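Breakdown of the fold
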Amino acid sequence: MIPFKYKGYEIKIRNTISDRTAVRISNNVEDHNYIFSIRTVKEKLFANLVNRIKRTVDDLIRYKQQTE
């Protein structure tokens, strides 16, 4: 899949979008691996998955700010 960057994180979607899609989020300091469960045909659309990943990155950043 197409790798992209969002808020300083490099995001790589592994393989293809299927029922369980693995995503690697890295900022050269730490790596995070997520598995997204795709339940509907609408969620399989690339743009919808990217928006879901962006929300996850925003949640990760928010969590880090609260724990500092």
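Overview of the structure. (Residues numbered from 1 in each chain as written. Predicted model: local features only at pLDDT ≥ 70, side-chain atom pairs only at ≥ 80, totals over all residues. Heavy atoms only, no water.)

**A few points about the pairing of strand S4 (residues 31-37)**
Across a regular strand the side chains alternate sides, sitting on one face of the sheet and then on the other. Examined bridge by bridge, strand S3 (residues 20-26) and S4 share seven bridges and lie antiparallel to one another. Opposite Ile25, over in S4, you have His32 as the bridge partner. Linkage of S3 to S4, two consecutive antiparallel strands, is achieved through a turn of four residues, within which Asn28 is found at a positive phi near 65°. (Pairing = 2+ DSSP bridges. Helix = DSSP H or I, 4+ residues; strand = E, 2+ residues; numbered from the N terminus.)

**With respect to the sheet that holds strand S2 (residues 9-13)**
Strand order across the open sheet formed by four strands is S1-S2-S3-S4, with antiparallel pairing between neighbours. Edge strands, defined here as strands with exactly one partner in the open sheet, are strand S1 (4-6) and S4. This sheet shows a mean twist of 30° between the axes of neighbouring strands, independent of strand direction. (Axes fitted to C-alpha atoms, helices over the stretch in contact; angles between N-to-C directions.)

**Structural notes on the nonpolar core**
Counting residues in each nonpolar core, the largest one holds 15 residues, and the members touching the most others are Phe4, Ile11, Val23, Ile25, Leu49 and Ile53. Listed by contribution, the elements that provide at least two residues to this core are S1, S2, S3 and helix H1 (46-67). The element contributing the most residues to this core is H1, with five residues. (Core = buried A, V, L, I, M, F, W, Y, C linked by side-chain atoms within 4.5 Å. Buried < 20%, exposed > 50% of the residue type's maximum accessible area, 1.4 Å probe, protein only.)

**Some thoughts on the packing of aromatic side chains**
In this structure the tally under the stated criterion is one aromatic pair. Relative to Phe36, the ring of Tyr34 lies with its centre 6.3 Å away and its plane at 35°, an arrangement referred to as tilted. Look at Phe36 and you get buried, because its relative accessible area is 6%. (Phe/Tyr/Trp six-rings, centres within 6.5 Å; stacked < 30°, edge-to-face > 60°.)

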